[in-house]
Structure formats: C-alpha cells, structure tokens
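# A look at the structure
Listed below, chain by chain, are the residues.
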Amino acid sequence: MGTPGFFQAARIFFRQGIIHRACEGPRIDVNSSVKHFWGSSHSTLTSSLRKFANAFNEKLNVLGEVFAKQCHAIAVQRVRRSAQIINLYSTLYNEQSLEQIVKKFGHQFLRNSKGRPLYLLFGASLFSWNESKVTDEELNSCVDDMNHVTDLESQKLHIPDDSSKEPNNRNQDHYMDQWELVIDRENIKLWRRPIQDTYLYEYKVFGRFFDIPAKAFYSVQVDIEYRKQWDRLVIALETVDKDEQSGCEVLHWITHYPYPMYSRDYVYIRRHRIDYDKKAMVLISRAVDHPCRPESKKYVRVKTYSSQMVIKPHTSFDENGFDYILTYHDDPKAAFPSVAYNWMASTGVPDFVDKLHNAAKTLHERKAKRFSPQNETTDENISCYS
C-alpha cells in the first residue's frame, strides 16, 4: 500500500512542480534544448542533477510534514477517546466495585490454582483485615450487654411492675421487651427476637454452671483441635488466616446436617480475649468472605452467622462457678417450615451449650488428673488450660 502512494506523490510533484514552473517560464525549443543538454559538459550535468535532488528533497519534506500532521491528529483522537472511556468506567464503577472485580478475579484464580503457596499468598493479599476484623468496641459492647442482662435477671424483671423501681430500671425493662422468653428454668433462660424481613430469630441464652471453672468453659471453645474430638458433627475445622496485630483469625468449619441435606460450611472470623480488668472472657465469631475459601458445590455455604459469648466467673477464672451469655443467629438455608426450624433452633442452642459444658467438664477432669499430686510436675509455668 505504501509504494503506489509514493509514485502518486512523485507524479504530483512532477506535475505541480517542474511542469508548472516550465509553463510559467519562457517557451523553449525542445530540439535546441536536447542538443544543448547532450552537448554540455559533465559539470553542467552534475549541477542539473544536484538541483533536481534538492528540489525533490524539498518536496519530500513537505510531504513528510503533511504526513506527520495527519498522524498527530489521529494520535490525539485516539488519546482523547481513551480518556473518555476511562472517565466512563470510573463513573460507572466506583472503588468498591473495582475491589469486587479484583476479588472475583482472585476467587476464580484461586479456584483453578494448583500451586498451594501461590494460592495462599494471593488469597491472603485480597483479604482486608481492617474491614473485617472484630474491634475492641465490639468486645466491650458484649461485656456491657452481659452486665445489662445479669442486672435484669437479678432484679427479676419478669414479675409485675413495682412502683418502687428506679427510672433506670424501667429503661432496662424496655430493653428486654424486645425479646420473647422461650425457656425459663432455674439455671438457664432463653429469649428470642425476630430478625427484620426474615422468618428467622436471634437467640440469647443466659445460664450458670457451678461444677467447672470459667477457664475450662472458655478453653473448650478456643481449642479447635479438641472440638474435633467432642463434636461428632465436625467434618473439618481449620484456621485459614490470622492477623497477629488484632488477634483475629479466620476459620473454615464444615459440619454434618441431617440426612438427606447437604453438609454446611462456615467461613468466619473470630476473636477472643480475657479481660482481667472487667473480669470477663469474650468470644465473637461472624461470617466473612475469604478468598482462600471460595464456595464449593459439595457444601452449602452459610453466609449469615453470628455468635457472641461472654463468661464471667463467680470468684476467679480458675475456680468453679461462672455465668455466661450467648447471643446467636444464623441462616443455614434449610428447607424447613419456619415453625419447625424455630423449634429446632430454640432447643438446639441449649443442647449445644450442654455439649460445651460436658466437653469442658471432661477437659477439666482430665487436667485435674494430670496435675494431681500423684502426677505432680516440676514445671510451675505450665497452665492447666494452656
């Protein structure tokens, strides 16, 4: 395509340049000119060729300038169009949308990735601890809720109103009016309240144990390896990621569900802390998305899940006796009638607490035998529930 254009330019050059100049000059006899040309000396021929070359170079320079201007106009048009496209997409997709696109790409990449180190490295880089971590404010709020409920229970707010109550107590009455009392026993009470725009309920359990220390009840929930031993429903339970700065960790939990339903899996962030100033132990867990654990067709992912546990000893963390409060809700995506599911949830939560108690009691007795005088150890720094 370039060669015809060159000959066309040369043709224009000759037509518009030499021929035009020839027409403007005086008329020349062709025969005499030819004779004069061939009869001239060699220097005259060289001079004529030099003039021809200079004129031809000038024309080429003009063509080059025209071509450069044309290319410049096209380049400017392309740059302007690219800028318009960038502005359009920046308007349609904000920063959060772009992050979602990157995360989806990461999920797809990790799902097809066969290299385990690269899998973990790339997945961890996509997870934001600042957005997902359990904060100190959440931990403190759980302790305050525990104090609030214990005050309500000590004042026995379910009895008829008494005119001698303080105004502050009436405000606490209003707080518990949001909850429906489902189970009312001596050492365990269970309330529930509906979750807005769903058929589900949030449950709150308050109870007391006197035969084990608070540290045993706390340790049995923190130790995931021991959980695999006493909880027969666990298929898998492992730590996926951990943030040393905040103390949060992400866990993947796969659990059996009644036949013929698929097993459920949970990916959740967890943080636990012993607050010696407030004399309380706190555990918070909630569902979260993590790139290293994308959804699998083998299990049903539970995306709505929250659990908050506060334990307060009657005397000390190592002595028997403590109060606890558990606030819990999840959506297992089970095709149960709402009545049946709510019945199972209202009975399943206390049953789970009983399992925790039995596992903690077994652990406590096992530790007591290990550190009995007959099996006395010489290491004074070993903790009974380390």
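What counts as what
Residues numbered from 1 in each chain as written. Predicted model: local features only at pLDDT ≥ 70, side-chain atom pairs only at ≥ 80, totals over all residues. Heavy atoms only, no water. Helix = DSSP H or I, 4+ residues; strand = E, 2+ residues; numbered from the N terminus. Contact = heavy atoms within 4.5 Å. pLDDT = per-residue confidence, 0-100. Phe/Tyr/Trp six-rings, centres within 6.5 Å; stacked < 30°, edge-to-face > 60°. Buried < 20%, exposed > 50% of the residue type's maximum accessible area, 1.4 Å probe, protein only. Lys NZ or Arg CZ within 6 Å of the ring centre and 35° of its normal. Core = buried A, V, L, I, M, F, W, Y, C linked by side-chain atoms within 4.5 Å. Salt bridge = Lys/Arg side-chain N within 4 Å of Asp/Glu carboxyl O. Pairing = 2+ DSSP bridges.

Mapped onto the elements, Ser285 comes out in strand β7 (residues 280–287). Every residue in contact with Ser285, bar those within four places of it in the chain, is listed here: Tyr268, Ile269, Arg270, Tyr305, Ser306 and Ser307.

Before going further, it helps to spend a moment on the confidence of the model for the protein chain. In this model, the protein chain carries a mean pLDDT of 76, and residues with pLDDT of at least 70 account for 66%. Summarising per-element confidence for the protein chain, the mean pLDDT is lowest in helix α1 (residues 2–24) (49) and highest in β7 (97). Across residues 157–172, confidence stays below pLDDT 50; counting only partners more than four residues off in sequence or on other chains, it has 12 contacts.

The tally for this structure, following the rule as stated, stands at 13 aromatic pairs. Ring centres of Phe217 and Tyr324 lie 5.6 Å apart, and the angle between their planes is 40°; on these two criteria the pair is classed as tilted. In this pair, Phe217 sits in helix α9 (residues 214–222) while Tyr324 sits in strand β10 (residues 320–330), placing the two residues 107 residues apart along the sequence. The residues Phe217 and Tyr324 share a single accessibility class, namely buried. Pairwise contacts between aromatic rings join Trp253, Tyr266, Tyr268, Tyr305 and Tyr328 into one cluster. Sitting over the face of the ring of Tyr201, Arg192 holds its NZ or CZ atom 4.0 Å from the ring centroid. Geometry around Tyr257 places Arg264 over its ring, the cationic atom sitting 4.7 Å from the centre.

If you look at the biggest cluster of nonpolar residues, it comprises 39 residues, and the most contacted ones within it are Phe217, Met309, Ile311, Phe322 and Tyr324. Among the elements that take part in this core, helix α11 (residues 338–370) stands out by supplying six residues, more than any other. Of all hydrophobic cores here, the second largest spans 23 residues; its members include Trp129, Trp179, Cys248 and Cys292.

Tracing the backbone shows Arg227 in helix α10 (residues 224–230). Judged by relative accessible area, which is 14%, Arg227 ranks as buried. Once residues within four sequence positions are removed from consideration, Arg227 is found in contact with Val234, Leu237, Trp253 and Phe352.

Our next topic: unusual backbone geometry. Despite not being glycine, Asp197 shows a phi value in the positive range, around 65°. In this structure, Asp197 sits in the loop between β2 (188–194) and β3 (201–213). Looking at Asp197, the relative accessible area reads 75%, which means it is exposed. You will see that Lys279, though not glycine, has its phi angle at about 55°, which is positive. Looking at the secondary structure, you find Lys279 in the loop between β6 (264–275) and β7. Since its relative accessible area comes to 33%, Lys279 is described here as partly exposed.

Let us now look at the pattern of salt bridges. The full count for this structure, using the stated rule, is 17 salt bridges. Between Arg293 and Glu238 there is a salt bridge whose closest N-O contact spans 2.8 Å. Taken as a pair, Arg293 in the loop between β7 and β8 (300–301) and Glu238 in strand β4 (residues 234–243) lie far apart in primary sequence, 55 residues in all. Residue classification places Arg293 among the buried positions, given a relative accessible area of 11%. Here Glu238 falls in the partly exposed class, since its relative accessible area comes to 34%.

What follows concerns the pairing of strand β5 (residues 248–255). Most of β5 sits out of view: eight of its eight residues are buried. Covered by surrounding structure in β5 are Cys248, Val250, His252 and Ile254 together with Glu249, Leu251, Trp253 and Thr255, the residues of both alternating faces. Looking at chain direction, β4 and β5 are connected through eight bridges and run antiparallel. Counted as the bridge partner of Asp243 is Cys248 from β5. Between β4 and β5, which pair antiparallel one after the other, the connecting turn spans four residues, and Gly247 there sits at a positive phi close to 80°. Note that β5 and β6 share seven bridges and pair antiparallel. In the strand pairing of β6, Glu249 is matched with Arg270.

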